[in-house]
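Coordinates in review
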Amino acid sequence: MKKTFRIGSRESVLAVAQAQCLINYMEKHCPGIRPELVTMKTTGDRILDRTLDQVGGKGLFVKELEQALIDGRIDACVHSLKDVPMEVSEKLPIIGYSAREDMRDVLVLPKGVTVWDREKPVGTSSMRRTMQLHKLYPELEIRPVRGNVLTRLKKLDDGEYGALILAAAGLKRLHLEERITRYFEPEELLPAAGQGILAVQGRAGEDYHFLEGFFDADSCVAAEAERAFVRELDGGCSSPIAAYARVNGEQLILFGFCDTYDGSYACERASGSRHQAEQTGIGLARYMRDGL
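Report follows, based on the coordinates. (Residues numbered from 1 in each chain as written. Predicted model: local features only at pLDDT ≥ 70, side-chain atom pairs only at ≥ 80, totals over all residues. Heavy atoms only, no water.)

What about the side chain of Arg203?
Looking at the secondary structure, you find Arg203 in the loop between strand S10 (198–201) and helix H8 (217–232). For Arg203, a relative accessible area of 17% gives the class buried. What Arg203 contacts, discounting residues up to four positions off in sequence, is Leu69, Gly72, Ile74, Asp75, Lys91, Leu92, Pro93 and Tyr208. (Helix = DSSP H or I, 4+ residues; strand = E, 2+ residues; numbered from the N terminus. Buried < 20%, exposed > 50% of the residue type's maximum accessible area, 1.4 Å probe, protein only. Contact = heavy atoms within 4.5 Å.)

Some details on helix H5 (residues 127–136)
The set of residues buried in H5 consists of Arg128, Arg129, Thr130, Met131, Gln132 and Leu133. Sitting at the head of H5, Ser126 places a side-chain oxygen 3.2 Å from the backbone nitrogen of Arg128. (Polar contact = N/O pair within 3.5 Å; in protein donor to acceptor, adjacent residues only side chain to side chain.)

A few points about the pairing of S10
Regular strands place side chains that alternate from one sheet face to the opposite one. Going residue by residue along S10, you find Leu198 and Val200 tucked away on one face and Ala199 and Gln201 tucked away on the opposite face as well. Where strand S4 (residues 94–97) meets S10, three bridges bridge the pair, whose relative direction is antiparallel. Paired with Gly96 across the two strands is Val200, which belongs to S10. (Pairing = 2+ DSSP bridges.)

Here we look at the nonpolar core
Phe229, Val230 and Leu254 are the most contacted members of the largest nonpolar core, which totals 19 residues. Among the elements of the structure, H8, strand S11 (242–248), strand S12 (251–259) and helix H9 (277–291) are those that each provide at least two residues to this core. Element by element, the count of residues in this core is highest for H8, at five residues. In this structure, Phe229 is in contact with Ile241, Ala242, Ala243, Leu254, Gly256, Phe257, Gly281, Leu284, Ala285 and Met288, ignoring residues within four places of it in sequence. Formed by 18 residues, the second largest nonpolar core is a distinct cluster that contains Met26, Val78, Leu198 and Leu211. (Core = buried A, V, L, I, M, F, W, Y, C linked by side-chain atoms within 4.5 Å.)

Topic: the layout of surface pockets
Here the idea is plain: a probe the size of a water molecule rolls over the atoms and shows the empty space left. Of the voids in this model, the second largest pocket is the one considered here, and its volume is about 280 Å³. If you go around the second largest pocket, the residues you meet are Met86, Glu87, Val88, Ile94, Gly96, Tyr97, Cys220, Ala223, Glu224, Arg227, Arg231 and Glu278. Of all the secondary-structure elements, those providing two or more residues to the lining of the second largest pocket are S4 and H8. Split into classes, the residues belonging to the lining of the second largest pocket amount to six nonpolar, one polar and five charged. (1 Å grid on protein atoms, 1.4 Å probe; cavity = no way out; pocket = protein on both sides within 12 Å on 5 of 7 lines; lining within 4 Å. Points joined across faces, edges and corners; volume = space filled by probe spheres on them. Nonpolar A, V, L, I, M, F, W, Y, C, P; charged D, E, K, R; others polar.)

Thoughts on the sheet that holds strand S13 (residues 265–273)
If you walk across this open sheet you meet the three strands as S11-S12-S13, and the pairing is antiparallel. Single-partner strands in this sheet number two, and they are S11 and S13. Adjacent strand axes in the sheet meet at a mean angle of 15°, parallel and antiparallel pairs treated alike. In the sheet, S12 pairs with S13 via nine bridges, with the strands oriented antiparallel. (Axes fitted to C-alpha atoms, helices over the stretch in contact; angles between N-to-C directions.)

Structural notes on the sheet that holds strand S2 (residues 33–40)
Read from one edge of the open sheet, five strands run S2-S1-S3-S10-S4, paired in mixed fashion. Every interior strand has two partners, whereas the edge strands, S2 and S4, have only one. Ignoring which end each strand starts from, the neighbouring axes of this sheet average 25° apart. Relative to S10, strand S3 (residues 76–80) is paired through four bridges, and the arrangement is antiparallel.

Details of the pattern of salt bridges
Inspection of every chain in the model, using the stated rule, returns 24 salt bridges. Residue Arg203 pairs with Asp75 through a salt bridge whose shortest N-O separation is 3.5 Å. Taken together, the residues Arg203 in the loop between S10 and H8 and Asp75 in the loop between helix H4 (63–71) and S3 connect sequence positions 128 residues apart. Here Arg246 makes a salt bridge to Glu187, at a shortest N to O gap of 3.1 Å. Of the two residues, Arg246 sits in strand S11 while Glu187 sits in the loop between strand S9 (180–184) and S10, which places them 59 residues apart along the sequence. Judged by its relative accessible area of 32%, Arg246 falls in the partly exposed class. (Salt bridge = Lys/Arg side-chain N within 4 Å of Asp/Glu carboxyl O.)

Have a look at this one:
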């Protein structure tokens, strides 16, 4: 008889699609284990009338799942890494990271529209995106938009916005790549730390060796560098901080973005060894905090 392995996920269509990535792996590579999806609504999914920084940050998307882990109602959970707080309990460690999907931000226009109407507001609730967009397009009106990806797309198609800025990874995992009008390269819009990577969280002391093939070494290196950068700057959901690490063999290049004391922002880069990912992230953060 197969052992059941319960995988926790938010109940949004995108979150389920992300959890399905792990389920698909297990169905193919773990013949003695039956994966079972357990979904739940988180506080972050319930509160939609305020931006995340007004209600406690992105940790609101994971705390119910973490409690289910503690209670033993699930055996692991799948998160979008950019939603995971920078400090994670030793009792509930991140046990691995998926291969990275496209980490870029993208421009999405209303369905059937091919010309961007810049007279209408652009929807994003991210301070990181807002600050960088204002540099690219100073004339834009940027208005917060909450809800899952499908909810946001409906608001766009109903005429509330002229465009949305979304993560390419989410659209691709939902097979909505055709909605993408334009990709922003990291040099234009630096993505959130961890964007495009899935994090699998478990309980300390449990045996998860059967999931090792799902995890990706380069994603681990990138995650360590990016999260160390943000953690050193003490960045939360409301902080306009971004980081992206390119991993190429033994080397990594880390790009960092943060606001400065005078209300503007800076974007810098640092190079290092993949074996010193965390130190590279900390070093770049300290340089930008103390040297700019």
